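Examination of the molecular architecture
Chain by chain, the residues run as shown.
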Amino acid sequence: MMAEPEGRPVVRASARYVRASPRKVRLVADQVRGLPIDDARALLRFSPKAAARDVGKLIDSAAANAENNHDLVADDMRITEIYVDAGPTLRRWRARARGRATRIDRRTSHLSVALTPIDEE
């Protein structure tokens with residue numbers, strides 16, 4: 001667990017080699033950035049994007065880390081940062097007309113999320 005400059009705890013979780021394009025996952029990550037955990041879960045549950053399931057599992061993992069490893073209440077947490085980096089690309093080949101082949105790129109993503117407690121003001 002790391003601490004922000006204000007002294008609040010930061011709980012992190014990451015998912016690597018997720019079989020989804022980073023461009024598509026970033027669309028979902030941008031929607032939940034800065035939201036409380038409950039609002040993010042509700043938004044992801046009804047999102048039509050396939051990447052919403054992977055992002056939801058990552059947020060659930062970070063919430064479980066907060067409860068089990070740091071004795072924090074997961075429902076009182078907020079997503080302070082979430083970012084998506086490109087992972088390795090799997091290269092596949094597809095047969096085309098006249099004996100040719102075209103490359104198909106199967107992209108992967110590395111996801112990271114950081115949660116902090118919501119300020120009680």
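Preceding this paragraph is the structure being described.
The sections below set out a description of the structure shown in this document. Not measured: the values here are computed from a predicted model. (Residues numbered from 1 in each chain as written. Predicted model: local features only at pLDDT ≥ 70, side-chain atom pairs only at ≥ 80, totals over all residues. Heavy atoms only, no water.)

Observations regarding the overall build of the chain
When its secondary structure is counted, the chain shows three helices and six strands. Secondary structure of the chain in N-to-C order comes out as β-β-α-α-α-β-β-β-β. Compactness check: the chain gives a C-alpha radius of gyration of 18 Å against a globular reference of 14 Å for 121 residues, more than 25% above the reference. Looking at the chain as a whole, 34% of its 121 residues are labelled buried. Once local pairs closer than 6 in sequence are excluded, the contacts in the chain between residues at least 24 apart make up 70%. Only carbon and sulfur atoms are counted for the fraction: they give 46% of the accessible area of the chain, which is about 7,900 Å². With 23 positive and 17 negative side-chain charges, the chain shows a spacing of 22 Å between the two charge centroids. (Helix = DSSP H or I, 4+ residues; strand = E, 2+ residues; numbered from the N terminus. Rg over C-alpha atoms; globule rule 2.2 N^0.38 Å. Buried < 20%, exposed > 50% of the residue type's maximum accessible area, 1.4 Å probe, protein only. Contact = heavy atoms within 4.5 Å. Areas by Shrake-Rupley, 256 points an atom, 1.4 Å probe, with all protein chains shown as cover. Lys, Arg positive; Asp, Glu negative; His and termini not counted. Charge placed at Lys NZ, Arg CZ, Asp CG, Glu CD.)

Quick look at the pairing of strand S4 (residues 90-95)
Looking along a regular strand, one sees the side chains alternate between the two faces of the sheet. Pairing between S4 and strand S5 (residues 101-106): six bridges, direction antiparallel. When the sheet's bridge partners are listed, arginine 92 is paired in S5 with isoleucine 104. (Pairing = 2+ DSSP bridges.)

Digging into unusual backbone geometry
Where the residue is not glycine, phi is negative for most of them; where a peptide bond is considered, it is trans in most cases. You will see that aspartate 71, though not glycine, has its phi angle at about 55 degrees, which is positive. Tracing the chain through its elements places aspartate 71 in the loop between helix H3 (51-70) and strand S3 (77-86). The exposed category is assigned to aspartate 71, whose relative accessible area is 70%. Phi at arginine 98 takes a positive value of approximately 60 degrees, unusual for a residue other than glycine. Mapped onto the secondary structure, arginine 98 falls in the loop between S4 and S5.

Thoughts on the environment of arginine 92
With respect to the helices and strands, the residue arginine 92 is situated in strand S4. Relative accessible area serves as the criterion here: at 41%, arginine 92 is assigned to the partly exposed category. Separated by 64 residues in the primary sequence, arginine 92 and valine 28 place their C-alpha atoms 26 Å from one another. With residues near it in sequence (within four places) discarded, arginine 92 still touches Thr102, Arg103, Ile104 and Arg106.

A few points about the nonpolar core
One finds Val32, Val55, Ile59, Ile79 and Val113 to be the most contacted residues of the largest nonpolar core, which totals 25 residues. Listing elements by their share of this core, those giving two or more residues are strand S2 (9-18), helix H1 (22-32), helix H2 (37-45), H3, S3 and strand S6 (109-117). Setting aside residues up to four positions removed in sequence, valine 32 forms contacts with Ala40, Leu43, Leu44, Val55, Ile59, Ile79 and Ile82. (Core = buried A, V, L, I, M, F, W, Y, C linked by side-chain atoms within 4.5 Å.)

Overview of H1
Pro22, Val25, Val28, Ala29 and Val32 are the residues of H1 that are buried. All buried residues of H1 fall inside an arc of 125 degrees around its axis, so they share one side. In H1, those exposed residues whose orientation departs by more than 90 degrees from the buried face are Arg23 and Lys24. Positioned one or two residues after H1, glycine 34 has a phi angle of 90 degrees, which is positive. (Arc of directions from axis to C-beta.)

Everything listed here is a matter of geometry and, on its own, says nothing about what the molecule does.
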